[in-house]
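# Coordinate analysis (summary)
What follows is each chain in one-letter form.
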Amino acid sequence: MLAYRDLTKEQLEEELLKQKEAYKEICAKNISLDMSRGKPGPDQLDLSMDMLDVFNSKSELKSENGFDCRNYGVMDGIPEAKKLMADIMGTKPENVIVYGNASLNIMYDTVSRSYTHGVNGSTPWCKLEKVKWLCPVPGYDRHFAVTEQFGIEMINVPLLEDGPDMDMVEELVSKDAAIKGIWCVPKYANPTGTSYSDETVKRMAALKPAAEDFRIYWDNAYGIHHLYDDEANQDQILDILSECEKAGNPDMVYEFASTSKVTFPGSGVAALATSKNNIEFIKKQMTIQTIGHDKINQLRHVRYFKDINGVKKHMMKHAEKLRPKFQAVITMLDKELKDADIATWTNPKGGYFISFDVMEGCAKKIVQMCKEAGMVLTGAGATYPYGKDPEDKNIRIAPSFPSPEELVEASKILIVCTKIATIEKMLDK
Ligand code: PMP
């Protein structure tokens, strides 16, 4: 099979007819598939069911410092949960505040507090003429939704193979004091699955922002979410907190993580890691917001896993479920699209997503055609601020939820739709 660009107009017309025939056949099957969100599959949720047996009405619910977890108190998390979350993030327990059930609302809350009350004493952002934010793209739609809701102007920064374009980040933050933050998913990023190189982490930690209240929002959502158990096939990143300290910027970062994709999304444990100064400031507000989070759930997680090694072992069970799913998609794409040379895709070693780039101007059409054939994908453009992909070429594939067999079907649909949309674009139809 030749690359599409090497086909004659007649050959392209012929290929288009063939693909349209295939599309018709697919549509006739009345398929119903959802690859829109990075949800664990039911088989993955089953992996954590034993955690529910950790406690019953006879259980002793005291934390290691003797605190009765059934009662009010311990606003920033029980010590053993701090330790576990610190180990998950690769930092120290004294840098950690354990929150509630998920991390997105910690991020929202952090932006919200900065907006209403400033950052460690700085002018609240709501009183400023303009607040801007750097958004590595493609990125996570829910991050962009948070900054959009606060009227923050988002600036696209290309996400390269080793992290955001740091030349651009350095230049922008050093010149513009209106830039107050950057969204980062440093490991197995949503949606590319790529991880930041050591150099990127060091450059990020050594930024010299014009704004003293500039903060790096380091969303380490996939820090332990490897797909392979051998270290050679795992990405590792540097610890941002210690890099920031070394660079003389100890207060410049907030790191977020949760067990959403370790145990149960929505019923996990989430945490923030940051400097002592930042923790002090945050706690002043927190004490007005809450008397404490769900300590029974914190204790349940620690009793179930014991320590970070227990978590790592558990993550390998997830990997066993996820690997064939990623492989099903990648194998199909390799087989059906490589020769045609009309798209590129990532082949991540972890995380929950594959990023799929098509010919400029085709993504929306492909997603729409897939929908009409019974397969829901994340909306085209969702991986960009304001839902606007300037080149209309990025599609996020979330292979975690369907079965490997369904993923083969799903990939077929995606491939046919990609072929049709690309040829039609080439033929200017
Ligand atoms: N951050 C990223 C990068 C994610 O992909 C997700 C889930 N899709 C989240 C955060 C959500 O995490 P949580 O469930 O802890 O709110």
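Thresholds applied
- Residues numbered from 1 in each chain as written.
- Predicted model: local features only at pLDDT ≥ 70, side-chain atom pairs only at ≥ 80, totals over all residues.
- Helix = DSSP H or I, 4+ residues; strand = E, 2+ residues; numbered from the N terminus.
- Rg over C-alpha atoms; globule rule 2.2 N^0.38 Å.
- Near = placed C-beta within 6 Å.
- Nonpolar A, V, L, I, M, F, W, Y, C, P; charged D, E, K, R; others polar.
- Core = buried A, V, L, I, M, F, W, Y, C linked by C-beta atoms within 7 Å.
- Buried ≥ 20, exposed ≤ 12 C-beta atoms within 10 Å, placed from the backbone.
- Domains from an automatic or database assignment.
- Contact = placed C-beta atoms within 7 Å.
- pLDDT = per-residue confidence, 0-100.
- Axes fitted to C-alpha atoms, helices over the stretch in contact; angles between N-to-C directions.
- Left-handed = near helix turned anticlockwise from the far one by under 90°.
- Pairing = 2+ DSSP bridges.
- Parallel < 35°, antiparallel > 145°, perpendicular 65-115°, else oblique.
- Right-handed = clockwise from strand over helix to strand, strands pointing away.

Looking up the protein chain in an unreviewed UniProt entry gives the name Aminotransferase class I/II-fold pyridoxal phosphate-dependent enzyme, with the organism given as Eubacterium ventriosum.

Scanning the protein chain from N- to C-terminus turns up 13 helices and 13 strands. In terms of overall size, the protein chain behaves like a compact globule, its C-alpha atoms giving a radius of gyration of 23 Å where 429 residues would be expected to give roughly 22 Å. With the C-alpha coordinates of the protein chain rotated into their principal frame, the extents come out at 75 × 55 × 35 Å.

Time to look at the site of the ligand. Close contacts around the ligand come from 13 residues, with Ala102, Ser103, Leu104, Ser258 and Ser260 the closest. Looking at the shell around the ligand, its residues break down into seven nonpolar, five polar and one charged.

The next thing to look at is the nonpolar core. Met85, Ala271, Ile366, Cys370, Ile395, Ile413 and Cys417 are the most contacted members of the largest nonpolar core, which totals 114 residues. Sort the elements by how many residues they give to this core and helix α13 (residues 404-426) lands first, with 10 residues. Each of domain 1 (4-44 + 313-426) and domain 2 (61-306) gives at least three residues to this core.

Glancing now at the domain arrangement of the protein chain. Split by domain assignment, the protein chain resolves into domain 1 (4-44 + 313-426) and domain 2 (61-306). The interface is formed by 26 residues belonging to domain 1 together with 30 residues belonging to domain 2. If you tally residues by element for the side of domain 1 that touches domain 2, the top one is helix α11 (residues 308-337), at seven residues. Counted by class, the side of domain 1 that touches domain 2 contains 14 nonpolar, eight polar and four charged residues.

With that out of the way, let us pick up the confidence of the model for the protein chain. With 100% of its residues at a pLDDT of 70 or more, the protein chain shows a mean pLDDT of 97. Scored as a whole, the predicted complex attains pTM 0.97, and scored at its interfaces, ipTM 0.99.

This part takes up the packing of helix α3 (residues 79-89) against helix α10 (residues 295-305). Taken N-terminus to C-terminus, the directions of α3 and α10 make an angle of 65°; their axes are 9 Å apart at the nearest point. Here α3 and α10 pass one another in a crossing that is left-handed. Where α3 approaches α10, its residues Glu80, Ala81 and Leu84 are matched on the opposing element by Gln298, His301, Val302 and Phe305. Per-class residue counts for the contact of α3 with α10 are four nonpolar, two polar and one charged.

Another aspect to go through is the sheet that holds strand β13 (residues 394-397). One open sheet holds the three strands; their spatial order is β10-β11-β13, and the pairing between them is antiparallel. Both edges of this open sheet fall to β10 (343-345) and β13, since each of them pairs with a single strand only. Each neighbouring strand pair of the sheet contributes to a mean axis angle of 20°, computed without reference to strand direction. Note: strand β11 (residues 354-358) against β13, four bridges, orientation antiparallel. Note on β13: the bridge partner recorded for Asp357 is Asn394.

Next up on the list: the packing of α11 against α13. The geometry of α11 relative to α13 is characterised by a closest axis approach of 9 Å and an angle of 30° between their N-to-C directions. When the interaxial angle is binned, α11 and α13 end up roughly parallel. Where α11 crosses over α13, the two elements pack in a sense that is right-handed. The residues of α13 that touch α11, namely those facing Pro324, Lys325, Ala328, Val329, Met332, Leu333, Glu336 and Leu337, are Pro404, Leu407, Val408, Ser411, Lys412, Ile415 and Thr418. Residue composition of the contact of α11 with α13, by class: 10 nonpolar, two polar and three charged.

To continue, consider the environment of Trp125. Within the secondary structure layout, Trp125 lies in the loop between α4 (104-117) and β3 (132-137). Residues Trp125 and Asn30 lie 95 residues apart in sequence; the distance between their C-alpha atoms is 50 Å.

Through backbone hydrogen bonds, the strands of a sheet pair up, either in parallel or in antiparallel fashion. The eight strands lie next to each other as β2-β9-β8-β7-β6-β3-β4-β5, forming an open sheet whose pairing is mixed. Looking at strand neighbours, the two that pair on one side only are β2 (96-98) and β5 (163-164), the edges of this open sheet. By the bridge criterion, two bridges tie strand β4 (residues 153-160) to β5 in an arrangement that is antiparallel. Across the sheet, Leu159 pairs through a bridge with Pro164, a residue of β5. α3 contacts β2, β8 (253-258) and β9 (270-273) of the sheet and is inclined by roughly 120° relative to β2.

α3 sits mainly inside the fold: eight of its 11 residues count as buried. Turning to α3, its buried residues are Glu80, Ala81, Lys82, Leu84, Met85, Ala86, Ile88 and Met89. Considering only its buried residues, α3 is in contact with β2, β8, β9, α10 and α11.

Turning our attention to the pairing of β4. Look at any regular strand and the pattern is simple: side chains alternate between the two faces of the sheet. In this structure, β3 lies alongside β4, joined through six bridges in parallel fashion. Within the sheet, the bridge partner assigned to Lys132 lies in β4 and is Glu153. For the crossover from β3 across helix α5 (residues 141-149) to β4, the handedness is right-handed. Between the end of β4 and the start of β5, which pair antiparallel, lie two residues.

For strand β7 (residues 215-219), the buried fraction is high: five of the five residues fall into the buried class. Both faces of β7 are covered, namely the face carrying Arg215, Tyr217 and Asp219 and the face carrying Ile216 and Trp218. With helix α7 (residues 198-205) bridging strand β6 (residues 179-184) and the parallel β7, this β-α-β connection has right-handed handedness. Here four bridges tie β7 to β8, and the two strands are oriented parallel to one another. When the bridges of β8 are listed, Tyr217 appears paired with Tyr254.

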